[in-house]
Amino acid sequence: MALPDGIQYRAFDGEERLATRGEAVYGEPVADGWRAWDAHRSKVGAMYELGMEPGLESGSEVLYLGAANGTTVSHVADVSGPTYAVEFAARPLRDLLSVAETRTNLLPLLKDARRPETYAHVVESGLDLLVQDVATRGQARVARANRRFLADDGRLCLSIKARSEDATCDPEAVFADALDELRETYTVLDSRRLDPFHADHLAVVAEPR
Ligand code: SAM
């Protein structure tokens, strides 16, 4: 798989690691302006390590749901164009605002991803990429509700945490149900477990139907 412009494997202390260009955010090593992208701390990073194609291109217009304190969305914004970062918890959003200080294309929004109508007046439609990592119940429903922001040829890059849906159920059964629900709105192009980087998570790349 060819990596998009802006993402490379670079040497850090003699070890080849996935990296983007930008200011450090979470204590990751930096060399020659490139910062290591820790796949153990980022589902999108893990997707690259596993050879998936999350759909991020240089200059992509992105909506990121579940931005937390900016670990992954900072790497995304190092590559992308305008990137709306939705997070509903005030505390991580404060950290995210600092991350956005050096990334003028990163636009943090204190919003609930289950209620896209509350940010539809700010977020453009026709976006290239919807990244979602909310890790709360109803993950497929959230992805479907936010399809409205994607261009018809856009991509969904979704991480589903099994335990957030049902901690007692077999993860495979949870993933099968989520994929069934997603298929109402999306065509699934690829789906893989994120082991060994993230246990009991399924990554999905899909396009609008
Ligand atoms: N994507 C982040 C990263 O890799 O840096 C980690 C995200 S963490 C697993 C999930 C985040 O989603 C939490 O910060 C949580 O507050 C947020 N979240 C959960 N449900 C949400 C919702 N309905 N709307 C917005 N944010 C939500």
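Quick summary incoming for the structure in this document. (Residues numbered from 1 in each chain as written. Predicted model: local features only at pLDDT ≥ 70, side-chain atom pairs only at ≥ 80, totals over all residues. Heavy atoms only, no water.)

## With respect to the site of the ligand
Every one of the 18 residues lining the ligand counts as a neighbour, but Y64, T72, E87, A113 and D133 are closest to it. The contact in question runs from a nitrogen atom of the ligand to an N or O atom on the backbone of G66, over 2.9 Å. With respect to the ligand, the side chain of T136 contributes an N or O atom lying 3.3 Å from a nitrogen atom. For the ligand, whose unbound accessible area comes to 610 Å², protein coverage reaches 86%. When each cavity is represented as a set of grid points, the ligand is found to reside in the largest pocket. Partitioning the shell around the ligand into residue classes produces seven nonpolar, four polar and seven charged. (Near = heavy atom within 4 Å. Polar contact = N/O pair within 3.5 Å; in protein donor to acceptor, adjacent residues only side chain to side chain. Areas by Shrake-Rupley, 256 points an atom, 1.4 Å probe, with all protein chains shown as cover. 1 Å grid on protein atoms, 1.4 Å probe; cavity = no way out; pocket = protein on both sides within 12 Å on 5 of 7 lines; lining within 4 Å. Sits in = over half its atoms within 2 Å of the grid points. Nonpolar A, V, L, I, M, F, W, Y, C, P; charged D, E, K, R; others polar.)

## Describing a negative patch on the surface
Together, D5, E53, E57, D128 and D153 give the surface a local cluster of negative charge. Counting through the fold element by element, E53 comes out in the loop between α1 (43–49) and β5 (62–65). Given the relative accessible area of 54%, E53 is considered exposed. (Patch = residues over 30% accessible without salt bridge, like charges linked within 9 Å, V, L, I, M, F, W, Y side chains within 5 Å. Salt bridge = Lys/Arg side-chain N within 4 Å of Asp/Glu carboxyl O. Lys, Arg positive; Asp, Glu negative; His and termini not counted. Charge placed at Lys NZ, Arg CZ, Asp CG, Glu CD. Helix = DSSP H or I, 4+ residues; strand = E, 2+ residues; numbered from the N terminus. Buried < 20%, exposed > 50% of the residue type's maximum accessible area, 1.4 Å probe, protein only.)

## Points about helix α3 (residues 90–101)
In this model α3 runs 17 Å from its N-terminal to its C-terminal C-alpha over twelve residues, within 8% of the 16 Å that 1.5 Å per residue would give. Along α3, the residues classified as buried are L93, L96, V99 and A100. Axial view of α3: buried residues confined to an arc of 105°, hence all on one face. Exposed positions of α3 whose direction lies more than 90 degrees from the buried face are R91, R94 and E101. The inward-facing, buried residues of α3 abut α2 (71–79), β6 (83–87) and β7 (106–110). (Expected span 1.5 Å × (residues − 1). Arc of directions from axis to C-beta. Contact = heavy atoms within 4.5 Å.)

## Comments concerning the environment of R94
Tracing the chain through its elements places R94 in helix α3. Assessed through its relative accessible area of 54%, R94 is described here as exposed. Separated by 24 residues in the primary sequence, R94 and T118 have C-alpha atoms spaced 20 Å apart.

## Describing the sheet that holds strand β3 (residues 30–31)
With antiparallel pairing, four strands are arranged side by side in an open sheet as β1-β2-β4-β3. Each edge of the sheet is formed by a strand with only one pairing partner; in this case those strands are β1 (7–12) and β3. Here three bridges tie strand β2 (residues 15–21) to strand β4 (residues 34–36), and the two strands are oriented antiparallel to one another. Within the sheet, the bridge partner assigned to R21 lies in β4 and is W34. (Pairing = 2+ DSSP bridges.)

## Some details on the pattern of salt bridges
Enumeration over the complete set of coordinates arrives at 13 salt bridges. Note that D152 and R147 form a salt bridge whose closest N and O atoms lie 2.8 Å from each other. For D152, a relative accessible area of 64% gives the class exposed. In this structure R147 comes out as buried when scored by relative accessible area, which is 17%. Across the salt bridge formed by R193 and D195, the nearest N and O atoms sit 3.5 Å from each other. With relative accessibility at 35%, the residue D195 sits in the partly exposed group. Each of the salt bridges in this network shares a partner with another, and the network as a whole consists of E28, R35, D78 and R103.

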